[in-house]
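Reading the structure
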2 protein chains.
Amino acid sequence: MKEQVSIKQIAEICGVSVATVSRVINDNGRFSEETRQKVLSAIKQTGYKPNKLAIGLRKNKSNIIGILVPDITNGFYSAVVKKCEQALSKNGYSSIVCNTDRSAEKEANYLQTLSEHMVDGIIIISTNPSDHYLNVNIPIVFIDRNPDIESKIVITSDHYYGALEATNYLIKTGFSPYIITTKTKAITTKERVRGFYDAIKQHKIDSTDRMLTLHSTSNEFLDKNTEALTFIKNISDKKIGIFTINDNVAYITLQTALKLGKKIPDDFSIIGFDDAPISKIATPQISSIHQNTDELAEKATQLLMEKLADPDNPMNVTKTIPTNLILRNTTLPS
Amino acid sequence: MKEQVSIKQIAEICGVSVATVSRVINDNGRFSEETRQKVLSAIKQTGYKPNKLAIGLRKNKSNIIGILVPDITNGFYSAVVKKCEQALSKNGYSSIVCNTDRSAEKEANYLQTLSEHMVDGIIIISTNPSDHYLNVNIPIVFIDRNPDIESKIVITSDHYYGALEATNYLIKTGFSPYIITTKTKAITTKERVRGFYDAIKQHKIDSTDRMLTLHSTSNEFLDKNTEALTFIKNISDKKIGIFTINDNVAYITLQTALKLGKKIPDDFSIIGFDDAPISKIATPQISSIHQNTDELAEKATQLLMEKLADPDNPMNVTKTIPTNLILRNTTLPS
DNA sequence: CTGAAAGCGCTAACAC
DNA sequence: GTGTTAGCGCTTTCAG
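Residues numbered from 1 in each chain as written. Chains lettered and ligands numbered in written order. Predicted model: local features only at pLDDT ≥ 70, side-chain atom pairs only at ≥ 80, totals over all residues. Heavy atoms only, no water.

1. Side note on the overall build of chain A
Cut-off, in case you're wondering: Numbering of helices and strands starts at the N terminus; helices are DSSP runs of H or I of at least 4 residues and strands are runs of E of at least 2. With C-alpha atoms as the basis for the radius of gyration, the globule rule is written as 2.2 Å multiplied by the number of residues raised to the power 0.38. Burial classification: accessible surface area is computed with a 1.4 Å probe over protein chains only, and a residue below 20% of its type maximum counts as buried, one above 50% as exposed, and the rest as partly exposed. Here, residues are in contact when the closest pair of their heavy atoms is within 4.5 Å.
Looking only at helices and strands, one finds twelve helices and twelve strands in chain A. A compact globule built from 334 residues should have a C-alpha radius of gyration of about 20 Å, whereas chain A, at 26 Å, is more than 25% larger. Counting only C-alpha atoms and orienting by the principal axes, one finds that chain A spans roughly 90 × 40 × 35 Å. Taking all 334 residues of chain A together, 52% fall into the buried category. Long-range contacts, defined here as pairs at least 24 residues apart, represent 69% of the contacts in chain A between residues at least 6 apart.

This is how it looks when you write it as structure tokens:
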């Protein structure tokens, strides 16, 4: 075990004071070229590493960002987290990643822990409302959640417009539009549902009995889902077009339609949401609304960096990232 | 912005010394029930949070574990990371997750950063050899990498036996066995290849021309892969059984076989490795060797905890986690 | 250009 | 049962 060497020992080796060493390390203040060389070579020889705990304590800044994510195992979220982590790393920050499991309680606990670790900022990816973050006075940026507070930084995909576009496409290609969603309080879901109904309204289509809400809140796309089966069976339209709240539900819907012997995409069309990996892996490949995860992540990081650079700026900003429709094999060409 | 309150202020409020407050907080040493109450209520009122940076500096312990992972976006890795994070959290540790992108350079950088952050331990998930961790004197446990050092803690699936079992199954169900692998130096790959050839040897099957090594190192399972196409076309056996080095390659193989009009699983059988989500999503669902991610993660965490509890113990341990064959629809029943 | 010294928030002897 | 104090490794005035 190598001994951990401190700035003090570097100072001794070089015959200078710790202050001088510190100056050299941070290239801050003045020092002669000669001392610089001495210090630098001593650092190299000893393998000295600055102790970020001490620096953090002193500067009241940890250089760590906390990332709260519902489920790292979900393709959409992991893509966002990965990009955030990369972008933060480029800015000199490390990331503590926390799985909230969509639990408000876990979220609260993690917020507490992060705050104790003196993280400089937090990125919360979540669609569920919660107000635990009110106890914490650390810069936060929200991805996809729009909290009910005065001053906030929110990055979100254009869920409303994405749903509108998907539904319009279904209608335009000759299908009678339906929506399958899940039981949740997520604001993103609400926006998508709103987009669906607005599209219907624009086309003056009767809106009754067009929505199925799955009771399973599980992610498990392989759930035996009899709800979807019954729902689809009961639709009398010849050409059925289903907009699903996400790609996992699209996958369930696809499997159900296949089981019912539906002809896809001629008589049965599906458009999912998220453009998660599953939509490309399924057979046939599922058309979906693409969320630009890279831009979501980069914008979130960028805004957080701006906030950190100027913490007193209230910065009440909401940034909407456009979505776009990816046509695959569960839709007809336009 | 609430002011950050320190132990000193709690002490003032309660009219006691900081030492006493510290004792109460850590339930360590003696204090009267009365002071305990006073301190506790002051903490509650003020919303005091212990500063882990200061604690860490003092105790030389950060309560953070670093996790190095090749790609958080990969279903297998994200499952392991998630479980590690949960298990560590239960033990009072936070996790800094770092994507190495399979780059030795990035790995080295992250190792440096983690070490500066004074992490108490590191979990490295990686199959590629590298020796940057030699510069760091922090307890490390390796998942799937078996470094060439004296004293180490290694957790690994039984890649050899998994491959052996898969190949045997292919042979037993009447297929002529082949293997498709990727170009990599990963030890896990080597073990799997070894398992494949040993199974062949056991059955006295001629081993020439049974392996295709894909040159694409990319994860992108949708790569147009002409190599696989040519390879499969050139096989003259009536019943072809392919063991693939992982599920992404199994997916490519499946798509290729489908394109060639092969009858699956009657004339063409596939077994992948990892049991990643993709194997369940594909149509038909792909049989695969299941790696027990939960146990991998839990064992790794547990051994790391043991090491941290007793750092001077050299603990040269290698723990092999059994795999098992999951039969789905790319294999014949036995 | 450099050094001395204070102090970030906390814990752990040591004293009483 | 409680207070005093030193010090973890570092940055940052303030002197000189």
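2. Focus on the protein's contact with DNA strand C
Under the convention used in this document: One heavy atom within 4 Å of a molecule or strand makes the whole residue count as near it. Definition of a polar contact: a pair of N or O atoms within 3.5 Å, with one able to donate and the other able to accept a hydrogen when the atoms are protein atoms, and with sequence-neighbouring residues admitted only if both atoms are side-chain atoms. Lys, Arg, Asp and Glu make up the charged group, whereas Ala, Val, Leu, Ile, Met, Phe, Trp, Tyr, Cys and Pro make up the nonpolar group; the residues left over, Gly among them, are polar.
Neighbouring residues of DNA strand C: 26 residues in total, closest A:Arg23, A:Arg30, B:Ile7, B:Tyr48 and B:Arg58. When atoms of DNA strand C within 4 Å of the protein are split into backbone and base, the sugar-phosphate part holds 57%. Take A:Ser17: an N or O atom from its main chain is 2.8 Å from a phosphate oxygen of DNA strand C. Looking at the surface near DNA strand C, the elements with two or more residues in it are α2 (18–26) and α4 (52–59) of chain A together with α2 (18–26) and α4 (52–59) of chain B. The greatest single-element share of the surface near DNA strand C, amounting to four residues, is contributed by α2(B). Each residue belonging to the surface near DNA strand C can be placed in one class, and the counts come to ten nonpolar, ten polar and six charged.

3. Description of the packing of aromatic side chains
Selection rule: Ring pairs are drawn from Phe, Tyr and Trp, using the six-membered ring of Trp, whenever the two centres fall within 6.5 Å, and their geometry is named by plane angle: stacked under 30 degrees, edge-to-face over 60, tilted for the rest. Any Lys NZ or Arg CZ that is within 6 Å of a ring centre and within 35 degrees of that ring's normal is treated as a charge sitting over the ring.
Applying the stated criterion across every chain yields a total of eight aromatic pairs over all chains. With centroids separated by 6.2 Å and ring planes inclined at 65°, the aromatic side chains of A:Phe243 and A:Phe273 adopt a geometry described as edge-to-face. Pair noted here: A:Phe243 is in strand β8 (residues 240–244) and A:Phe273 is in strand β9 (residues 268–274), with a separation of 30 residues, a long-range link. Its relative accessible area of 0% is what places A:Phe243 among the buried residues. Sitting over the face of the ring of B:Phe273, B:Arg192 holds its NZ or CZ atom 3.7 Å from the ring centroid. Sitting over the face of the ring of B:Phe175, B:Lys239 holds its NZ or CZ atom 4.6 Å from the ring centroid.

4. Thoughts on the packing of α2(B) against helix α3 (residues 33–46) of chain B
Residues and elements named next belong to chain B. Worth spelling out the cut-off: Each axis is a line fitted through C-alpha atoms, and for a helix only the stretch in contact is used; angles between axes span 0 to 180 degrees, taken between their N-to-C directions. In this scheme, roughly parallel covers angles under 35 degrees and roughly antiparallel covers those over 145, while 65 to 115 is roughly perpendicular and the rest are oblique.
Two elements in contact, α2 and α3, have axes whose closest approach is 10 Å; the angle formed by their N-to-C orientations is 85°. Taken as axis vectors, α2 and α3 run roughly perpendicular relative to one another. Seen from α2, the contacting residues are Thr20, Val21, Val24 and Ile25; seen from α3, they are Thr35, Arg36, Val39, Leu40 and Ile43.

5. Describing the nonpolar core
Most often, soluble globular proteins keep nonpolar side chains buried together rather than apart. Our working definition: Only buried Ala, Val, Leu, Ile, Met, Phe, Trp, Tyr and Cys residues count toward a nonpolar core, and they belong to the same one when joined by side-chain atoms within 4.5 Å.
A:Phe243, A:Phe268, B:Phe243 and B:Phe268 are the most contacted members of the largest nonpolar core, which has 75 residues in total. Per-element accounting of this core gives the leading share, six residues, to helix α10 (residues 247–259) of chain A. Leaving out residues up to four positions away in the same chain, B:Phe243 has contacts with B:Ala163, B:Ala166, B:Thr167, B:Leu170, B:Tyr178, B:Ile179, B:Ile180, B:Arg192, B:Phe196, B:Ile271, B:Gly272 and B:Phe273. Core analysis: the next-biggest nonpolar cluster, separate from the first, contains 53 residues, A:Val69, A:Ile155, B:Ile65 and B:Leu303 among them.

6. What about the sheet that holds strand β10 (residues 287–290) of chain A?
Residues and elements named next belong to chain A. Applied cut-off: Between any two strands, pairing holds if DSSP finds at least two bridges.
Here six strands make up an open sheet; going across it, the order is β7-β6-β8-β9-β10-β12 and the pairing mixed. At either margin of the open sheet sits one strand with a lone partner, and together these are β7 (211–214) and β12 (324–326). Taking the axes of each pair of neighbouring strands and ignoring which way they run, one obtains an average angle of 20° across the sheet. As paired strands, β8 and β9 are joined by four bridges and run parallel to one another. From the neighbouring strand, Phe243 faces β9, where its bridge partner is Ile271. Across the sheet, helix α7 (residues 159–172) touches β6 (176–182), β8, β9, β10 and β12, and the angle it forms with β9 is around 170°. Contacts between α10 and the sheet are confined to β6, β7, β8, β9 and β10, with β9 contributing the most and set at about 160° to the helix.

7. Digging into the interface of chain B and chain A
The condition is simple: Here the buried area means the combined drop in accessible surface, using a 1.4 Å probe, for two parts upon being joined, counting both sides. Any Lys or Arg side-chain nitrogen located within 4 Å of an Asp or Glu carboxyl oxygen qualifies as a salt bridge.
Chain B puts 50 residues into the contact, and the matching count from chain A is 50 residues. Where chain B abuts chain A, roughly 4,700 Å² becomes buried across the two surfaces, and 55% of that area is made up of carbon and sulfur atoms. Per-residue buried area on chain B facing chain A is highest for B:Lys49, B:Leu53 and B:Ile281; these three make up 15% of the total on that side. Where chain B touches chain A, the interface holds four salt bridges. As a salt-bridge pair, A:Lys52 and B:Glu116 come within 3.2 Å of each other at their nearest N and O atoms. Elements that contribute at least two residues to the side of chain B that touches chain A include exactly α4, α5 (75–90), β2 (94–99), α6 (104–116) and α11 (277–281) of chain B. Here the side of chain B that touches chain A is composed, by residue class, of 20 nonpolar, 20 polar and ten charged.

8. Topic: the protein's contact with DNA strand D
Near DNA strand D there are 26 residues, and of these A:Ile7, A:Tyr48, A:Arg58, B:Arg23 and B:Ser32 occur at the shortest range. Atoms of DNA strand D within 4 Å of the protein belong to the sugar or the phosphate in 57% of instances, the rest to bases. Residue classes in the surface near DNA strand D are distributed as ten nonpolar, ten polar and six charged.

9. Topic: the state of the cysteines
All names here are of chain B. Quick note on the threshold: In this description, the term disulfide denotes a pair of cysteine sulfurs within 2.5 Å.
Throughout the structure, instances matching the rule amount to zero disulfides over all chains. No disulfide involves Cys84; its nearest neighbouring cysteine sulfur is the one of Cys98, lying 13 Å away. The buried category is assigned to Cys84, whose relative accessible area is 0%. Among the residues examined, Cys98 registers a relative accessible area of 2% and is labelled buried.

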